[in-house]
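Geometric and topological summary
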Amino acid sequence: DDASGSDTTCTANPCDASAAPTNGGVGDCTNSLASGSTCQPTCNSGYTVSGTSSCSAGTLTAATCSANPCDASAAPTNGGVGDCTNSLASGSTCQPTCNSGYTVSGTSSCSAGTLTAATCAANSCTASSLSTKDGSDGKFYCINGGTVGGTTGSCTCTSCTEGYGGASCETAGACSTSTDPSKNGADGSFYCINGGTVGGTAGSGSCTCTSCNSGYEGSSCQTASACTVSAVSTKDGSDGQFYCINGGT
């Protein structure tokens, strides 16, 4: 009792809950939240509220907004998941991997529930002398002077040495006649004169020159044979036979 004889009561103080949580909004909270009561603030996109804010005799226990994690468990195209998981904390990174022939762009990162995922970029193709190399790992079968182009999975082999063709410059073309003595067939051109017929395919040692004109021989029909006697007056030696009578030698 007080001096006048009346009963005295104590009322618990309210709380000021009008301050919005970081990365959130005030929701239904006010500047006068009664003791023993709760209110509900809100959170921005990408954040999750911890619960309600409560007041106890003037002391506010305020709800907070926590950044959402990210699901980083999907492997990049042409790669693997690496050390990434389905719950990558906001502000953290993880490292996926890439298949042979591809290069990873960096790390995957999470920011408030939004994942920025690393990717796998195809490398430039490189030449291989192995016929099994199809470019799926960035190595492509390309021979006979071919120039490799493209990127992993889309390799090309062009500008083959003369006389060769095909997707890998692997196909030798038919040999063709040349009057240049230096042509040995490596590029498909073969020295073949004096009526010789060229055969074979491109490649050193693969071309032939046969069926020389009468009076010529040799691998390119380049060698004139020794003349032989003929009683035919029209024989002038152009075919190795020469009109020679009356005991001439």
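Above this note sits the structure.
Residues numbered from 1 in each chain as written. Predicted model: local features only at pLDDT ≥ 70, side-chain atom pairs only at ≥ 80, totals over all residues. Heavy atoms only, no water.

What follows is about the sheet that holds strand 6 (residues 59-61). Strand order in the open sheet formed by three strands is 2-5-6, with antiparallel pairing between adjacent strands. The open sheet has two free edges, formed respectively by strand 2 (38-39) and strand 6, since each of these has just one partner strand. As paired strands, strand 2 and strand 5 (residues 53-56) are joined by two bridges and run antiparallel to one another. Looking at the pairing, Thr 38 lines up with Ser 54 of strand 5. (Pairing = 2+ DSSP bridges. Helix = DSSP H or I, 4+ residues; strand = E, 2+ residues; numbered from the N terminus.)

On to the side chain of Asp 137. For Asp 137, the position within the fold is in the loop between strand 15 (126-128) and strand 16 (139-141). Looking at Asp 137, its side chain comes within polar contact range of the side chain of Lys 133, at 2.9 Å. Engagement of the side chain of Asp 137 in a polar contact is seen with the backbone nitrogen of Lys 139, the distance being 3.0 Å. (Polar contact = N/O pair within 3.5 Å; in protein donor to acceptor, adjacent residues only side chain to side chain.)

Attention now goes to the sheet that holds strand 12 (residues 108-111). Strand order across the open sheet formed by three strands is 9-12-13, with antiparallel pairing between neighbours. The open sheet has two edge strands with one neighbour each: strand 9 (93-94) and strand 13 (114-116). As defined by bridge partners, strand 12 adjoins strand 13 across three bridges and the pair is classed as antiparallel. The residue of strand 13 that forms the bridge with Ser 111 is Thr 114.

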